[in-house]
Amino acid sequence: MSVFTPVSRPELETFLAPYELGRLLDFQGIAAGTENSNFFVSLEKGEFVLTLIERGPAEDMPFFIELLDVLHDADMPVPYAVRDRDGKGLRELCGKPALLQPRLSGKHVKAPNNQHCAQVGELLAHIHLATRERIIERRTDRGLDWMLASGADLLPGLSTEQAQLLQPALDEIAAHKAQILALPRANLHADLFRDNVMFEGTHLTGLIDFYNACSGPMLYDIAITINDWCLDADGGIDLPRAQALLGAYAALRPFTAAEAELWQVMLRVGCVRFWLSRLIAARDFAGMDVTIHDPSEFEVRLVQRQQVALKLPFAL
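Residues numbered from 1 in each chain as written. Predicted model: local features only at pLDDT ≥ 70, side-chain atom pairs only at ≥ 80, totals over all residues. Heavy atoms only, no water.

A.B. asks: Would you explain helix H2 (residues 61-73) in this entry?
C.D. replies: Since there are 3.6 residues in each turn of an α-helix, residues three or four apart along the chain are aligned in direction. The end-to-end C-alpha distance of H2, which contains 13 residues, comes to 18 Å, matching closely the 18 Å that a straight helix rising 1.5 Å per residue would cover. For H2, the set of buried residues is Met61, Phe63, Phe64, Ile65, Leu67, Leu68 and Leu71. Looking at the buried residues of H2, the elements they touch are strand E5 (96-102), helix H3 (114-131), strand E6 (185-188) and strand E9 (214-217). (Helix = DSSP H or I, 4+ residues; strand = E, 2+ residues; numbered from the N terminus. Expected span 1.5 Å × (residues − 1). Buried < 20%, exposed > 50% of the residue type's maximum accessible area, 1.4 Å probe, protein only. Contact = heavy atoms within 4.5 Å.)

Put into structure tokens, the structure is as follows:
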């Protein structure tokens, strides 16, 4: 189970008391996490998620709290930091920064259809529109420079075939870095995978796990999302679902010519980012009771993104 920091019932009861949400009824660790410790918490006054931040400096936490407040105030289905009786949203438990957030309804969708994807595209556009005029700056710790450095570090340990795939991708990132950074910006979720979105039927009810959120090119967020939501059986892009997602997004925030030019590059960048982070997790957490996602999934997707039929809907 991916709970890096165990929490006892007495410790949790002491932590929860200032929220004045009633008695602790039950709590359990969430097995799906790979970076933070998460718990479902049942209290007399509702259902919540407790997160202990395991990765990243504590000084980043005000960014996450502010971003989620902005999105919550804009009526988006996102969690937000519950405040205690003193108005504090960020507290400490077991020596780690800790947040208590409402538990959102719904379930994850493993096999999304066009309607699911259209709603995801629409929500992503709303996030970008809500933040692009007043971006809350946070530089991602897994950006282009990190990809170039981590990729170079991992290359000697890869197979010949893997190295022949990764090296040109790193060269492409280096060649297009300035253009990518000049693309239109907003705040990004930067991890908008299927397991971070909840639906009730085909109605989107929640978007969670903003701990990779940052400021950056909106196109990067879209590429990451397409690379997980719109897959065929071979790791290629399912065109109808991708077109549904992009069309719903573009109806609210039209794409630019510069974004259309870099679209296929950005799809590959999105694959590199998660291939590398999964390779590192597989290396660093080997033998530990931690959920490790398969790095080869994004290796396959990167192969499939060498030539992509999907065009960005851009009107000249």
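Text resumes after the structure shown.
A.B. asks: Please clarify how the packing of helix H6 (residues 218-229) against helix H7 (residues 239-250) should be interpreted in this entry.
C.D. replies: Helix-helix packing is described using two parameters, namely the angle between the two axes and the distance between the axes. At a minimum axis separation of 10 Å, H6 and H7 run at an interaxial angle of 150 degrees. Taken together, the axes of H6 and H7 are roughly antiparallel relative to one another. In this structure, the crossing between H6 and H7 has a hand that is right-handed. In this structure, H6 contributes Met218, Ile222, Thr225, Ile226 and Trp229 to the contact, and H7 contributes Arg241, Ala242, Leu245, Leu246 and Tyr249. (Axes fitted to C-alpha atoms, helices over the stretch in contact; angles between N-to-C directions. Parallel < 35°, antiparallel > 145°, perpendicular 65-115°, else oblique. Left-handed = near helix turned anticlockwise from the far one by under 90°.)

A.B. asks: Is there a simple way to think about the layout of surface pockets in this case?
C.D. replies: When its volume is computed, the second largest pocket comes out at roughly 340 Å³. Along the wall of the second largest pocket there are 19 residues; nearest its centre are Arg139, Thr140, Gly143, Leu144 and Leu181. For the lining of the second largest pocket, the secondary structure elements donating two or more residues are helix H4 (144-154), helix H5 (160-181), E6 and E9. Here the residues of the lining of the second largest pocket sort into 10 nonpolar, four polar and five charged. (1 Å grid on protein atoms, 1.4 Å probe; cavity = no way out; pocket = protein on both sides within 12 Å on 5 of 7 lines; lining within 4 Å. Points joined across faces, edges and corners; volume = space filled by probe spheres on them. Nonpolar A, V, L, I, M, F, W, Y, C, P; charged D, E, K, R; others polar.)

A.B. asks: Would you mind showing me how to read the sheet that holds strand E1 (residues 24-29) here?
C.D. replies: Two pairing modes exist for strands in a sheet, parallel and antiparallel, and in both the strands are linked by backbone hydrogen bonds. Reading across the sheet, the five strands line up as E1-E2-E3-E5-E4 and stay open at both edges, with antiparallel pairing between neighbours. Edge strands, defined here as strands with exactly one partner in the open sheet, are E1 and strand E4 (91-93). On average, each strand axis in the sheet is inclined to that of its neighbour by 35 degrees, with strand direction left out of account. In this structure, strand E3 (residues 46-52) lies alongside E5, joined through five bridges in antiparallel fashion. If you follow phenylalanine 48 over to E5, its bridge partner there is proline 102. (Pairing = 2+ DSSP bridges.)

A.B. asks: Could you clarify how one ought to interpret the packing of aromatic side chains in this entry?
C.D. replies: One pair of aromatic rings is described through two measures. These are the centre distance and the angle between the planes. Summed over all chains, the structure comprises 10 aromatic pairs. Here tyrosine 249 and phenylalanine 255 contribute two aromatic rings whose centre-to-centre distance is 5.2 Å and whose plane-to-plane angle is 15 degrees, an arrangement assigned as stacked. No difference in accessibility class separates tyrosine 249 from phenylalanine 255, as the two residues are buried. The residue whose ring lies beneath arginine 91 is phenylalanine 15, and the NZ or CZ to ring-centre distance is 4.5 Å. (Phe/Tyr/Trp six-rings, centres within 6.5 Å; stacked < 30°, edge-to-face > 60°. Lys NZ or Arg CZ within 6 Å of the ring centre and 35° of its normal.)

A.B. asks: Honestly, empty space enclosed by the protein in this entry has me stumped. Any pointers?
C.D. replies: Any empty space left between the atoms is revealed when a probe the size of a water molecule rolls over them. Taken as a whole, this structure holds two cavities of 30 Å³ or more when the rule is applied. Estimated volume of the second largest cavity: approximately 40 Å³. Residue classes in the lining of the second largest cavity are distributed as two nonpolar, two polar and two charged.

A.B. asks: Is there a simple way to explain the pattern of salt bridges in this structure?
C.D. replies: Between side chains of opposite charge, a pair can form as their charged atoms come close. Tallied over the full model, the rule gives 21 salt bridges. The partner of glutamate 20 in a salt bridge is arginine 85, with the nearest N and O atoms 3.0 Å apart. Here the residue glutamate 20 occupies a position in the loop between helix H1 (9-16) and E1, and arginine 85 occupies one in the loop between H2 and E4, the gap between them amounting to 65 residues. Residue classification places glutamate 20 among the partly exposed residues on the basis of a relative accessible area of 48%. (Salt bridge = Lys/Arg side-chain N within 4 Å of Asp/Glu carboxyl O.)

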